[in-house]
Amino acid sequence: MTQFAHLSLHTEYSIEDSIIRIDDLAEETLKRGMDCIALTDRSNMFALWKFQKRMRSQGVKPIFGADMLVKNGGNDLDRLVLLAKDSSGWASLRELMTFAYTNSSDHGSITLDCLISHHDGLIVLSGGAQGPLCRPLIEGDPSAAEEMAQKLKSAFNDRFYMEISRTGRSLEEAYLTKAISFADAFHIPIVATNDVRFLDRDDYAVHETRYCIANKQRVGDGSHAATYSENQFLRSAQEMVELFADLPDAVENACEIARRCTVEVKPDRYLPMYKTERSESPDELLDRYSVDGLKSVLDRHDKSQKEYANREIYENRLEKELSIIKSMDFAGYFLIVMDFVQWAKQQGIPVGPGRGSGSASLVAYVLGITEIDPIEHDLMFERLLNPERVSLPDFDIDFCKDRRGEV
């Protein structure tokens, strides 16, 4: 184990908040004397698969987490860093992320009660100068800080750490002095982080440019400097040891947390399970919906007296497609896509007739996902799914830009 592990780091998947590319991060982590590192993007885990694959290929231990915003009464949003200690922590992290995206108007915040109710297997860092303990400590309200600390300690016990940084940002030094005394008084271990946003100090200017473009600010007007500092780069293990030479416990605890966090995320399912009140399996549902859908399509052909290939051709094509879809375990995928396309149409939201490889599927046509008859236009289903080249099918679906968000 190395002398230090970064436990607070955002990648480019935090959009304007970081410019770190995962491919570069893997190599630089080793070069800078570390063999483990945490991914803690802001309220998302979009980088997880790429992060795990790239880090493991380089011999770096990946630690999974998230930098979450927590509602602390009123409209205040405080920051807490959550790390998955084990498989139960990984499950808790998923539950919290789902809550943030389904119960929060700002897509990314959770409540303290929600965090406490999903505490299993999670290690929590206090968020430093942006966390819920900073404001009461700086404003001289120790009772409020104590109340918050007790709540977190009661829920997380020895999995709660007081986070400290030395990046030169506003309130940081004032908070650091008070945080150390507070942590000592209430027996909360301290841990050092660097709240990393870019790889090298020289990248600060590039980060500022990206930030200003995203926030419609002018480079150099001070708006960026109010939030970030040039010190938020990927410091080497030795640099962090020297930076916190007066607080060696903070560095040692970072390594200890890295040792405690061991999670391997296995890609056992790519998609959520399509659930129904019926007892049928997704395969059985897809069969029934497809057969009923084909009957409706052919009945419409009969009524319009439109010339088309005979029923047997359609029935054989449907049977063939269903067999491939089910053998590749993609019945749920088709049902999920069918579900949200049908919902959009029921709500009067314009949906495109079909585009790309998805329009080559008769199953998609009879389910109402597309409006293009692949047999009439001689389209090959193998463009969408091919048993000899296993990959996730890709439906290109166009929704009206004005109401796409509802879908």
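Thresholds applied
- Residues numbered from 1 in each chain as written.
- Predicted model: local features only at pLDDT ≥ 70, side-chain atom pairs only at ≥ 80, totals over all residues.
- Heavy atoms only, no water.
- Helix = DSSP H or I, 4+ residues; strand = E, 2+ residues; numbered from the N terminus.
- Buried < 20%, exposed > 50% of the residue type's maximum accessible area, 1.4 Å probe, protein only.
- Contact = heavy atoms within 4.5 Å.
- Areas by Shrake-Rupley, 256 points an atom, 1.4 Å probe, with all protein chains shown as cover.
- Lys, Arg positive; Asp, Glu negative; His and termini not counted.
- Charge placed at Lys NZ, Arg CZ, Asp CG, Glu CD.
- Salt bridge = Lys/Arg side-chain N within 4 Å of Asp/Glu carboxyl O.
- Expected span 1.5 Å × (residues − 1).
- Arc of directions from axis to C-beta.
- Phe/Tyr/Trp six-rings, centres within 6.5 Å; stacked < 30°, edge-to-face > 60°.
- Polar contact = N/O pair within 3.5 Å; in protein donor to acceptor, adjacent residues only side chain to side chain.

Draft legend 1. Local environment of the overall build of the protein chain. Helix and strand content of the protein chain: 14 helices and seven strands. Residues classed as buried in the protein chain amount to 49% of the 407 residues present. In the protein chain, the proportion of contacts linking residues at least 24 apart, taken out of those at least 6 apart, comes to 75%. Summed over its atoms, the accessible surface of the protein chain is roughly 19900 Å², and 47% of this surface lies on carbon and sulfur atoms. Counting 48 positive and 67 negative side-chain charges, the protein chain places the centres of these two groups 2 Å from one another.

Draft legend 2. Quick look at unusual backbone geometry. With phi around 55 degrees, Ile15 is a residue other than glycine that occupies positive phi space. Positionally, Ile15 belongs in the segment before helix H1 (22-31). Relative accessible area serves as the criterion here: at 52%, Ile15 is assigned to the exposed category.

Draft legend 3. Representation of the pattern of salt bridges. Following the criterion strictly, the structure yields 30 salt bridges and no others. Arg288 is paired through a salt bridge with Glu280; the nearest N and O atoms lie 2.9 Å apart. Take Arg288: its relative accessible area is 27%, and that puts it in the partly exposed class. The closest approach of N and O atoms between Lys295 and Asp299, which form a salt bridge, is 3.1 Å. Linking Lys295 with Asp299, this pair stays in helix H11 (residues 282-304), spanning four residues, or about one helical turn. The structure contains a network of salt bridges with shared partners spanning Asp17, Arg42, Asp67, Arg79, Glu163, Arg169, Glu172, Asp195 and Arg197.

Draft legend 4. Geometry of helix H12 (residues 311-327). With 17 residues, H12 extends 24 Å from end C-alpha to end C-alpha; this agrees with the ideal 24 Å at 1.5 Å per step. The complete set of buried residues in H12 reads Tyr314, Arg317, Leu318, Glu321, Leu322, Ile324 and Ile325. Down the axis, H12 shows its buried residues gathered within 165 degrees of arc, on one side only. Exposed and oriented more than 90 degrees from the buried face of H12 are Glu312, Glu319 and Ser327. Phi turns positive, to about 65 degrees, at Asp329, one or two residues after H12.

Draft legend 5. Main features of the packing of aromatic side chains. Scanning the entire structure with this criterion turns up 10 aromatic pairs. Judged by centre distance (5.8 Å) and plane angle (15 degrees), the rings of Tyr333 and Phe395 are stacked. Taken together, the residues Tyr333 in helix H13 (residues 331-346) and Phe395 in the segment after helix H14 (362-367) connect sequence positions 62 residues apart. Of the residues examined, Tyr333 reaches a relative accessible area of 12% and is grouped as buried. Taken together through their ring pairs, the aromatic side chains of Phe330, Tyr333, Phe334 and Phe395 make up a single cluster.

Draft legend 6. Up close: the side chain of Ser165. Tracing the chain through its elements places Ser165 in the loop between strand E6 (160-164) and helix H7 (172-185). Under the relative-accessibility criterion, Ser165 is labelled buried at 8%. Only 2.9 Å separates the side chain of Ser165 from the side chain of Thr193, close enough to count as a polar contact. Leave out the neighbours within four places in its chain, and Ser165 touches Glu172, Thr193, Asn194 and Phe244.

Without other data, these values stay purely geometric and don't point to any function.
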